[in-house]
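Each chain, letter by letter, is given below.
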Amino acid sequence: MALKQPDMRTALGSLQLANPVMTASGTFGYGEEYGSLVDLHRLGAIIVKGISLLPRQGNPPPRIAETACGMLNAIGLENVGLENFLAEKLPYLQGIRAHLIVNILGDTVEDYGELATRLDGVEKVAAVEVNISCPNVKQGGVAFGTDPDMAYEVTKEVRQQFSRPVIVKLSPNVTDIGEIASAVESAGAAAVSLINTVLGMAIDIQSCRPKLANVFGGLSGPAIKPIALRMVWQVAESVSIPVIGIGGITTTEDAIEFLLAGASAIQVGTANFINPQAAEEIIRGIEKYLTEYSLDSVQDLIGRARHF
Amino acid sequence: MALKQPDMRTALGSLQLANPVMTASGTFGYGEEYGSLVDLHRLGAIIVKGISLLPRQGNPPPRIAETACGMLNAIGLENVGLENFLAEKLPYLQGIRAHLIVNILGDTVEDYGELATRLDGVEKVAAVEVNISCPNVKQGGVAFGTDPDMAYEVTKEVRQQFSRPVIVKLSPNVTDIGEIASAVESAGAAAVSLINTVLGMAIDIQSCRPKLANVFGGLSGPAIKPIALRMVWQVAESVSIPVIGIGGITTTEDAIEFLLAGASAIQVGTANFINPQAAEEIIRGIEKYLTEYSLDSVQDLIGRARHF
Amino acid sequence: MPVCQQKAEIVRTEKLSTDIYRFTLQAPDMASVASPGQFIMVRAGEGLDPLLRRPFSIHQVTGDGSVRILIKVIGKGTQALAGLQTGERMDVLGPMGRGFTYSSDQSPHFLVGGGIGIAPLLFLAERLLKKNGPDAIKVLLGARNADEIAILVEDFASMGLEVLVTTEDGSLGNKGLVTDILSDLQDESAARVYACGPHPMLKAVVSLCRGRNWDCQVSLETLMACGLAACLGCAVLRADMNGYVHACKDGPVFNADNVAWL
Amino acid sequence: MPVCQQKAEIVRTEKLSTDIYRFTLQAPDMASVASPGQFIMVRAGEGLDPLLRRPFSIHQVTGDGSVRILIKVIGKGTQALAGLQTGERMDVLGPMGRGFTYSSDQSPHFLVGGGIGIAPLLFLAERLLKKNGPDAIKVLLGARNADEIAILVEDFASMGLEVLVTTEDGSLGNKGLVTDILSDLQDESAARVYACGPHPMLKAVVSLCRGRNWDCQVSLETLMACGLAACLGCAVLRADMNGYVHACKDGPVFNADNVAWL
Ligand SMILES: Cc1cc2nc3c(=O)[nH]c(=O)nc-3n(C[C@H](O)[C@H](O)[C@H](O)COP(=O)(O)OP(=O)(O)OC[C@H]3O[C@@H](n4cnc5c(N)ncnc54)[C@H](O)[C@@H]3O)c2cc1C
Ligand SMILES: Cc1cc2nc3c(=O)[nH]c(=O)nc-3n(C[C@H](O)[C@H](O)[C@H](O)COP(=O)(O)OP(=O)(O)OC[C@H]3O[C@@H](n4cnc5c(N)ncnc54)[C@H](O)[C@@H]3O)c2cc1C
Ligand SMILES: Cc1cc2nc3c(=O)[nH]c(=O)nc-3n(C[C@H](O)[C@H](O)[C@H](O)COP(=O)(O)O)c2cc1C
Ligand SMILES: Cc1cc2nc3c(=O)[nH]c(=O)nc-3n(C[C@H](O)[C@H](O)[C@H](O)COP(=O)(O)O)c2cc1C
Ligand code: FES
Ligand code: FES
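Here the residue numbering is sequential within each chain, running from 1 through the sequence in written order. Both sets of labels track the order of writing: A upward for chains, 1 upward for ligands. Reporting of local features is limited, given that this is a predicted model, to residues whose pLDDT is at least 70; pairs of side-chain atoms are given and counted only at 80 or more, and all residues count toward the totals for whole chains, interfaces and linings. Calculation of side-chain values draws on the structure's entire complement of heavy atoms; hydrogens and water are dropped beforehand.

*Asks:* Explanation requested: the site of ligand 4 in the structure shown.
*Replies:* Definition of nearness: a residue and a molecule or strand are near each other if at least one heavy atom of the residue lies within 4 Å of the molecule or strand. In the vicinity of ligand 4 there are 22 residues, among which B:Ser25, B:Lys169, B:Gly221, B:Gly248 and B:Thr270 approach most closely. Near ligand 4, the surrounding residues are drawn from chains B and C. At 3.0 Å, a backbone N or O of B:Ile195 approaches an oxygen atom of ligand 4. Protein chains shield 98% of the accessible area of ligand 4, which is 600 Å² for the free molecule. Whenever two N or O atoms come within 3.5 Å, that pair is a polar contact, provided that in protein one can donate a hydrogen and the other can accept it, and provided that, for residues adjacent in sequence, both atoms are side-chain atoms. Surface exposure here means Shrake-Rupley accessible area, sampled with a 1.4 Å probe, where a residue is shielded only by the protein chains that are shown.

Quick look at the structure:
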């Protein structure tokens, strides 16, 4: 019994994962960057840097700043654009056994729709993760993810154009994240992933200027874990689709906290920068934990802390 | 010039402070607890633990949990109640030169109103700080601070009953904190203070239970500083009344970041637990910084990072 | 009692077992006012993580103004502290809390300690010894194995006190729990019990004392952020279930009858 | 080149000045593939604060598979690293980035280093020396004072290279800036300049080289989170102002003509 390997499989709608550990968008490049350091085949899934229809240059530097147990980033969604992604980045990923999930972003509902259309049916693209933390230019730049109706619209549009699972990635910068989650669920999302970064800033007291050229940036890393865990708990309560936990996950313990809170899978983000082996170590760590507590399957952990 | 002591005075409406450094509610007891460790007379102001009309027992333990560069608390607003505060705690504070600001909390708008009425004109009470992060029991427990209208109501009520400056303490758990700040400004707040704790949680993976008996708790400490600083920046943009910066302030550098972002004063919270001398050290540190940069007054720092 | 904060120099470090260390700190101000059962709050390093101070009972106080603490390695805070060397400094705050109440009387005094809970009892034994002769005092110590307490047993014995030892693996003293030997003691009336150790042990001691009408004081461990009665994080349910007392101010030592035992 | 991660043992630590330390790490895999101008990402302690790895240029590589880095104490990360002792381990990731391009040719090679920017030039000098004789190479070093570079000057000199030194306080070599001696060099055509140091110095060097049509490579410092071309945090504005290159992948060494100098 204790000798038998625990079952690590988990599901995001119709997408079956060999294990619940994925790498978060924007923290793992296009996978290849980590090829010499990580056994990519072992990962539950690889989520690539957010892709837009056209290439984006991103924000001027400085783009990052370290904070207490965290970091701020204002990369500005720099990416190679859909064409280059398909031509230059996809082939490498097609050689990797791990699932590929493409994170997409746009300025308008139409952008998201076109990205979904062009990615639909592309070999190896197992799912899309819709980053709705981006500003909606047609709505005066309010982020799609901060308004239930806009979040619903984007999700519905992508859902109509894309036949595989649609994961919607939620922004934590809202009063009631459960409300947004319900909206995207009703629009047909197969799963929700959370959290994206928390809006923050830092100031250099020598130069008396914001440390980031963009003034504001997204806070990530261990500092935000308690906030992310709370939101996962809330969202798992308000939706019935699978929840993917993200936010400061650095160790096995962190990952298990999210599973116990109700997450069906987790993503490792900033930790990839500090310890490229983090995701792999967490996969092994969860297996070890299940064995120690003589649990047969990772499914036995999901939401376990909710019924005490 | 460099020899001349810099002017550390700052103002919150009609309330003049000798310096911009205060101790945050709930992290400094009723002042007396720190009497043997801190020169209380030196502080810009002391803000006492939140007071309700009647004594409160607070939440069952565990009430706190340590997190990465932060801590969670779910004290449950335990306090001695107004009567005992006036009879047992106030006399000691009346012997302290630093200003006294009373943090108040209630279940209903009426509660806040009565607290204001009974505190109005009480000797030594220089101002009240209204904690609107509390649930409004008449509105199904939604926090006053998450809805502009409720925030407006509470502020207006207190303003009418209390003749000295009314400071309203904002919750960070909202989509648009600037909107709440504007609402309380229009209701007559003399100043706003922010941020209160960020809602979070932690789970014990041995017992598979939330670490806090209350499940959710408030995240404080260095981890939340980038979020607090961003919100202070946003609020300083949306209101014209003074802003008081709170959130993870542990060192002089931290305090100066908040002043540069637009805060007219700051509060030291969780840092009091780790280093009781933190507030005093920050007062000296700001003086030193002003002298080094040969600035005459702390007023020269306020908002300086905004116009670069 | 005035609480003071200082960066105390470590004048001696001892490794008592695989995971227990003893530090001797030069802290005259604390040494002069400390009483048995009180504790100090120690900062685990200069950094922001771990953030909070860690509470440790005062283990011993010497005439030359030094304060001793025992540290058992549990997590990252104690891990960091265990690495400190003689000559380095510890940022300490204290002494804090209400300790044991003891007086000179005829009644037998039983000091019952389990594991690291033995820490405050050495200090108590020394003070108790001054007030009452060695004959009135019995020290009951329990641990997982000999490694954990061998040296501590010596410390008590060298004071001329009767020390009864139990270990779970029988590697020292009787095999079993410290509560076993406590219950073996013939029912002396009006005995005074001073207990510190894991919660289950304390519960057992308390119920045993109640059965015999023994006066029982226990030192409790709770999570603590400040140690100064400011954060209210260290709540302990009252015996009457109506509200809370606070371990850092009303305790950590409580009369067993004043707190709830669920 | 394959990047590898390892906990490399520190086989030697040297304090070169008040705030500059040199560490020799046993890291054969890195040593065998590293080239001058590349860097490694070092973790500053086990904890979560400071969180990010710190980038350091490869200062030297020895035949017996060790890698050297120079660390100047700036903030909490370098502070923590400076405290490491021989026998302890450093969690390192690398080698990373694109280093200097150099070949064997007739043109004079000027290595221009300011302050801690001297670090990668020793490695470069050794490799250049193999390709071209010592006569073709001039080393120009600048620092605040003698304390900062005395030992480094020795290291270059002992290789039989001509070393020209300037210090701001004149305590070693000429008083002034390293760019002064660079401009004093008689206008040799087709010289190749390899520069590393503070941004103002690099700007001066670049404009000087442009005036003389000298080929100029610069090693740039930017904030970095990953060093792996994954976070895109290390953006550097292109010369054509149209988009960014990334210091950890396209650099840290760039041909001066490929990046913007604002
Ligand atoms: C009044 C009092 C006296 C104590 N005396 C001693 C002593 O003499 N020797 C000794 O070795 N230990 C003693 N302890 C326990 C000691 O404080 C903890 O073992 C220590 O805080 C663990 O810190 P950590 O970082 O290693 O563990 P972690 O688990 O990483 O700590 C995480 C958080 O939980 C808290 N925590 C964890 N375990 C405990 C605990 N048992 N009690 C209180 N807080 C805890 C920590 O302070 C920290 O805030 C005492 C505790 C109290 C309350
Ligand atoms: C490619 C490259 C090579 C370098 N080579 C060396 C070397 O050989 N020797 C040496 O002493 N230093 C070198 N540096 C600079 C070194 O990385 C910084 O001094 C160090 O990161 C400062 O960390 P800290 O925690 O002490 O300072 P802090 O100011 O506390 O660091 C805060 C944050 O800012 C970053 N940071 C601060 N200064 C710099 C800087 N100048 N460049 C990049 N990031 C910085 C830190 O990495 C950290 O993320 C190099 C930097 C780069 C980019
Ligand atoms: C440098 C950086 C770039 C990121 N880029 C993206 C992105 O392109 N799309 C996206 O949805 N999230 C992006 N994120 C957010 C992360 O995927 C993740 O949601 C967030 O960092 C919280 O997780 P963590 O604390 O584990 O990093 C980025 C985060 C970082 C630090
Ligand atoms: C233990 C604890 C108790 C608190 N109690 C109160 C309170 O009673 N009223 C209030 O308005 N804020 C309370 N706060 C919030 C703080 O005043 C402050 O807004 C918050 O902790 C953020 O600042 P910091 O990061 O410096 O601690 C409390 C915070 C802590 C940690
Ligand atoms: S530990 Fe803060 S009140 Fe007791
Ligand atoms: S440092 Fe992350 S991409 Fe260059």
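Anyway, onward from the coordinates.
*Asks:* Help me understand a negative patch on the surface in this model?
*Replies:* Negative charge collects at one region of the surface, where A:Asp149, A:Glu153, A:Asp176 and A:Glu179 lie side by side. Here A:Asp149 shows up in helix 3 (residues 148-161). Patch building starts from residues that exceed 30% relative accessible area and form no salt bridge, then joins like charges within 9 Å and nonpolar side chains (Val, Leu, Ile, Met, Phe, Trp, Tyr) within 5 Å. In the sections that follow, a salt bridge refers to a side-chain nitrogen of Lys or Arg positioned within 4 Å of a carboxyl oxygen of Asp or Glu. When charges are tallied, Lys and Arg are placed among the positive residues and Asp and Glu among the negative ones, while His and the ends of the chain are skipped. Throughout, a charge is located at the NZ atom of Lys, the CZ atom of Arg, the CG atom of Asp or the CD atom of Glu. We count a stretch as a helix when DSSP gives it H or I for four or more residues in a row; a strand needs E for two or more, and each element gets its number in order from the N terminus.

*Asks:* Would you mind showing me how to read the relation of the copies chain A and chain B here?
*Replies:* Between the two copies of this chain, the relationship is a rotation about some axis together with a displacement along it. Between chain A and chain B, the superposition needs a rotation of 180° and an axial shift of 0.0 Å, giving an RMSD of 0.0 Å. Expressed as a symmetry operation, the mapping of one chain copy onto the other fits a two-fold axis. With an isologous cut-off of 70% or more, the 100% of interface residues of chain A that recur at the interface of chain B puts this contact in the isologous class. All copies are superposed by least squares; the fitting set is the C-alpha atoms of residues with a pLDDT of at least 70 in both. For this analysis, residues touch if any pair of their heavy atoms sits within 4.5 Å.

*Asks:* Would you explain the packing of helix 5 (residues 225-238) of chain A against helix 6 (residues 252-261) of chain A in this entry?
*Replies:* Packed helices, taken two at a time, are described by their axes: the angle between them and the distance between them. Residue and element names in this part refer to chain A. Axis geometry follows a simple rule: fit a line to the C-alpha atoms, using only the stretch in contact for helices, then measure angles between N-to-C directions, giving values from 0 to 180 degrees. With their axes 9 Å apart at the nearest point, helix 5 and helix 6 run at an angle of 25° to one another. Here helix 6 runs roughly parallel to helix 5, going by the angle between their axes. As helix 5 runs across helix 6, the sense of the crossing is right-handed. Residue-level contacts link Lys-225, Ala-228, Leu-229, Val-232, Trp-233 and Ala-236 of helix 5 to Asp-254, Glu-257, Phe-258 and Ala-261 of helix 6. Classes in brief: Ala, Val, Leu, Ile, Met, Phe, Trp, Tyr, Cys and Pro nonpolar; Asp, Glu, Lys and Arg charged; the others, Gly included, polar. Across the contact of helix 5 with helix 6, the residue classes tally to seven nonpolar, no polar and three charged. For classification, angles of less than 35 degrees are called roughly parallel, those exceeding 145 degrees roughly antiparallel, those between 65 and 115 degrees roughly perpendicular, and all remaining angles oblique. Rotating anticlockwise by less than a right angle from the far helix to the near helix defines a left-handed crossing, while the corresponding clockwise rotation defines a right-handed one.

*Asks:* What am I meant to see in the state of the cysteines here?
*Replies:* A covalent bond between the sulfur atoms of two cysteines is referred to as a disulfide. All names here are of chain C. The disulfide criterion is simple: two cysteine sulfur atoms within 2.5 Å. One pass over the structure, following the stated rule, counts one disulfide over all chains. The closest cysteine sulfur to the non-disulfide-bonded Cys-209 is located on Cys-216, 3.9 Å from its own sulfur. Relative accessible area serves as the criterion here: at 1%, Cys-209 is assigned to the buried category. Accessible area is worked out with a 1.4 Å probe on protein chains only. A residue is then buried under 20% of its type maximum, exposed over 50%, and partly exposed in between.

*Asks:* What's the story with unusual backbone geometry in this structure? I'm lost.
*Replies:* In this model, C:Gly251 is joined to C:Pro252 through a cis peptide bond whose omega is 10°. Relative to the helices and strands, C:Pro252 is located in the loop between strand 15 (244-246) and strand 16 (253-255). In this structure, A:Leu77 takes a positive phi of about 60° despite not being glycine. The topology assignment puts A:Leu77 in the loop between strand 6 (70-73) and helix 1 (81-94).

*Asks:* What exactly am I supposed to notice about the interface of chain A and chain B here?
*Replies:* Think of interface size as the accessible area that goes away when the parts come together; that is how it is often given. Taken together, the contact pairs 40 residues of chain A with 40 residues of chain B. In this structure, the connection of chain A to chain B is made through zero salt bridges. Counting across the interface, chain A meets chain B through nine residue pairs in polar contact (both at pLDDT 80 or more). Among the secondary structure elements, those contributing two or more residues to the side of chain A that touches chain B are strand 13 (198-200), strand 15 (209-210), helix 5 and helix 6 of chain A.

*Asks:* Can you help me understand the confidence of the model for chain C in this one?
*Replies:* Any residue range with low pLDDT should be treated as having predicted coordinates unsuitable for detailed reading. pLDDT is a residue-level measure of predictor confidence that goes from 0 to 100. The share of residues in chain C with pLDDT of 70 or more is 99%, and the mean pLDDT across the chain is 94. Prediction confidence for the complex, expressed as pTM and ipTM, is 0.97 and 0.97 respectively.

*Asks:* Sorry if this is basic, but what is going on with the site of ligand 2 here?
*Replies:* Near ligand 2 lie 19 residues; those nearest to it are D:Pro55, D:Leu70, D:Gly75, D:Thr78 and D:Glu221. One chain alone does not account for the residues near ligand 2; they come from chains A and D. In the environment of ligand 2, a nitrogen atom lies 3.0 Å from a nitrogen or oxygen atom belonging to the backbone of D:Ser57. The separation between an oxygen atom of ligand 2 and a polar side-chain atom of D:Thr78 is 2.5 Å. When the free accessible area of ligand 2 is taken as 830 Å², the share hidden by the protein chains comes to 83%. Of all the secondary structure elements, the ones that give two or more residues to the shell around ligand 2 are strand 4 (54-57), strand 6 (66-72) and helix 2 (76-82) of chain D. Among the elements that make up the shell around ligand 2, the one with the highest residue count is strand 4 of chain D (four residues). Grouping the constituent residues of the shell around ligand 2 by class yields nine nonpolar, five polar and five charged.

*Asks:* Which parts of the structure should I look at to understand the sheet that holds strand 3 (residues 21-23) of chain A?
*Replies:* Whenever strands of a sheet pair, they do so through backbone hydrogen bonds, lying parallel or antiparallel. All names here are of chain A. Two strands qualify as a pair provided DSSP detects at least 2 bridges between them. With parallel pairing, eight strands are arranged side by side around a closed barrel as 3-4-7-8-11-12-17-18. Strand-to-strand twist across the sheet, computed as the mean angle between neighbouring axes with direction ignored, equals 25°. Strand direction decides the pairing type here: strand 17 (residues 243-246) and strand 18 (residues 265-268), joined by three bridges, are parallel. Residue Gly-245 lies in a different strand from strand 18, and its bridge partner there is Ile-266. Its contacts with the sheet place helix 1 against strand 4 (45-51) and strand 7 (99-104), and it is angled at close to 160° to strand 4. Along the sheet, helix 8 (residues 278-292) makes contact with strand 3 and strand 18, crossing strand 3 at roughly 175°.

*Asks:* Sorry, what's going on with the packing of aromatic side chains here?
*Replies:* Here the distance between the centres and the angle between the planes together describe a pair of aromatic rings. The criterion for an aromatic pair is that two Phe, Tyr or Trp rings (for Trp, the six-membered ring) have centres within 6.5 Å, with stacked assigned to planes under 30 degrees apart, edge-to-face to planes over 60 apart and tilted to the rest. Applying the stated criterion to the full structure yields twelve aromatic pairs over all chains. Geometrically, the ring pair formed by A:Tyr289 and A:Tyr293 is stacked, given 4.4 Å between the ring centres and 25° between the ring planes. With centroids separated by 4.2 Å and ring planes inclined at 15°, the aromatic side chains of B:Phe28 and B:Tyr34 adopt a geometry described as stacked. Residue classification places B:Phe28 among the buried positions, given a relative accessible area of 1%.

*Asks:* What am I meant to see in the sheet that holds strand 18 (residues 265-268) of chain B here?
*Replies:* Residue and element names in this part refer to chain B. Within the closed barrel, the eight strands sit side by side as 3-4-7-8-11-12-17-18. Their pairing is parallel. Adjacent strand axes in the sheet meet at a mean angle of 25° when their direction is disregarded. As paired strands, strand 8 (residues 125-131) and strand 11 (residues 166-169) are joined by four bridges and run parallel to one another. Across the sheet, Val-128 pairs through a bridge with Val-166, a residue of strand 11. With respect to the sheet, helix 8 (residues 278-292) is in contact with strand 3 (21-23) and strand 18, its orientation differing from that of strand 3 by roughly 175°.

*Asks:* Please explain the interface of chain A and chain D as it appears in this structure.
*Replies:* Counting residues at the interface gives 33 residues for chain A, matched by 29 residues for chain D. Reported buried area values correspond to the accessible surface (1.4 Å probe) lost by two parts on association, with both partners' losses combined. Overall, the association of chain A and chain D removes approximately 2,500 Å² of surface from exposure, summing both partners, and the carbon and sulfur fraction of that is 63%. Considering only the surface of chain A that becomes buried against chain D, A:Ile64, A:Glu66 and A:Ile274 emerge as the three largest contributors, covering 26% of it. Among the ionic pairs, D:Arg54 bridges to A:Glu66, the shortest N-O distance being 2.8 Å. Linking chain A with chain D are eleven residue pairs in polar contact (both at pLDDT 80 or more). Broken down by secondary-structure element, the contributors of at least two residues to the side of chain A that touches chain D are strand 5 (64-67), strand 6 and helix 7 (271-274) of chain A. The greatest single-element share of the side of chain A that touches chain D, amounting to three residues, is contributed by strand 5 of chain A. For the side of chain A that touches chain D, the per-class residue count stands at 15 nonpolar, 13 polar and five charged.

*Asks:* Explain the side chain of A:Lys225 here, please?
*Replies:* Looking at the element boundaries, A:Lys225 is found in helix 5. With residues up to four places along the chain from it excluded, the contact list for A:Lys225 reads A:Gly247, A:Gly248, A:Asp254, A:Glu257 and A:Phe258.

*Asks:* Looking at this structure, how should I read the side chain of B:Asn19?
*Replies:* All names here are of chain B. Structurally, Asn-19 can be placed in the loop between strand 2 (15-17) and strand 3. For Asn-19, the side chain forms a polar contact with the main-chain nitrogen of Gly-44, separated by 3.3 Å. Each residue touching Asn-19, except ones within four places of it in the same chain, is listed here: Met-8, Thr-10, Arg-42, Leu-43, Gly-44 and Ile-283.

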